[in-house]
Amino acid sequence: MDVAGVRVLVAPGASAAALAAVAAGVFLGTCSGLVPGLHVNSLALLLAAAAPSIPGPPQLVGAAMLAAGVTHSFLDVVPTLALGVPDPAMAVSALPGHRLVMGGRGREALRISALGSGVAVAVAFVLGVPVTAAATVVAPIVYQHLPVVVTALVVVLLAREPTRRSRVGGCLAVAASGALGVVALPMQPDGLAPTGDVLAPLFAGLFGTPVLLEAFRGVGVPEQDDPTVADDPRAVAGPGLAGSLAGAAVAYVPGMSGAIAAVFAVEATRVDGDRAFIAALSGVNTANTVFALYALFALGNAHTGVLVAFERAALPKTLPLLLAAIALAACAGAVLVPVLGDRYFRVVRRLNHRRLTAGVCALLAVLAWVFAGWMGVALLAVATLVGLIPPWFGARRVHLMAVLLVPLALP
């Protein structure tokens, strides 16, 4: 047909197939986002292994992977808030989110997270090209001085602790988790899953089971109030915007986690509080999925598990299709977070919280065994002991990210 004098070729069948692939990715990302302890990276690697046998154009498999990753980055806040079992990207949000939930503001926290993620996608689409152009210049310099950069990050995070006791706890957390990372990361897992690794039990132990042990002694999830966002919307949108920009650092700098980037994003906006942190962290995580795609095209480096799986499957790099998949998945994720999250809270409230907490701990142990065998179960136990250090000293859990930072800084 002709549009404004320009002939446009329309392929309804191809468009329908692309939409179906994105819908499948949204479904898979929703499932992985709502299941505690299951990360979208594991799902993506399984998809990569199955890619050759999936009928249809391979570029649609890539679109489904990206859609799953984006949807997961929206939905993973739900079990984090309701159960206290964060994945690696959402780990450090456990305490700020739980404070809102215990105050009956969990539904509001869901909407703040969706807003932060939505802002992140919009910003990443607008700034993706110029930020990538700048990163191609800056990234090589960062790589050359990575030990110095990592050391500076750790020092700044420790300096931000408010008391001497918390600073001591932060130092112990850095030392213990860093040593754990040095020992554990080179290990070769022997689990049932062909795409297993030691990261799943490590992060579950550092950030998941300690929170669950604390929750076991609690009273469960209280009744949640209305979902109205109490703060000035600009106080939420500002940290979300800063988190979006910080997400670029996660995409281009190896070892930089979303939790660390969120801390600096909130500091840059000078807006304090639990709501600001949740908006910033959600913005970091979702923006990372977009900026990481640009980084793959510009630098050839895959810095997310989804894109590692994408590269492993040798899927076609069709940027317009992949960006469209991200945009559609983001729209779906923004709607699904409050719709499914509110129901998730109601279901959890009806269950015995002690049995639920014990069941989730057992699920984490089973997943550790599936992904890394008995080695994974042992790592889960050791990581749990290390993960108890920050709350004992009143320090922030972000210091536990030294499990990745210390091995990265060593020659």
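The rules we used
Residues numbered from 1 in each chain as written. Predicted model: local features only at pLDDT ≥ 70, side-chain atom pairs only at ≥ 80, totals over all residues. Heavy atoms only, no water. Salt bridge = Lys/Arg side-chain N within 4 Å of Asp/Glu carboxyl O. Helix = DSSP H or I, 4+ residues; strand = E, 2+ residues; numbered from the N terminus. Buried < 20%, exposed > 50% of the residue type's maximum accessible area, 1.4 Å probe, protein only. Phe/Tyr/Trp six-rings, centres within 6.5 Å; stacked < 30°, edge-to-face > 60°.

K.L.:
Would you mind showing me how to read the pattern of salt bridges here?
P.N.:
Opposite charge on two side chains lets them pair, provided their charged atoms get close. Taken as a whole and judged by the stated rule, the model has 6 salt bridges. In this structure, Asp342 engages Arg107 in a salt bridge whose closest nitrogen and oxygen atoms are separated by 3.3 Å. One end of the pair, Asp342, is in helix α14 (residues 319-350); the other, Arg107, is in helix α6 (residues 106-144), and 235 residues separate them in sequence. A relative accessible area of 9% places Asp342 in the buried class. Here Lys317 and Glu311 are joined by a salt bridge, their closest N and O atoms 3.6 Å apart. Given a relative accessible area of 40%, Lys317 falls into the partly exposed group. Accessibility expressed as a relative area gives 32% for Glu311, which makes it partly exposed.

K.L.:
How should I be thinking about the packing of aromatic side chains in this particular structure?
P.N.:
Centre-to-centre distance and the angle between the planes together describe a pair of aromatic rings. Applying the stated criterion across every chain, the model contains 2 aromatic pairs. On the numbers, 5.8 Å between centres and 15 degrees between planes, the contact of Phe203 with Phe207 is stacked. Of this pair, Phe203 and Phe207 both sit in helix α9 (residues 199-216), separated by 4 residues, roughly a single helical turn. The buried category is assigned to Phe207, whose relative accessible area is 1%. Judged by centre distance (6.3 Å) and plane angle (55 degrees), the ring pair of Trp369 and Trp374 falls under tilted.

So yeah, pure geometry; function would need other evidence.
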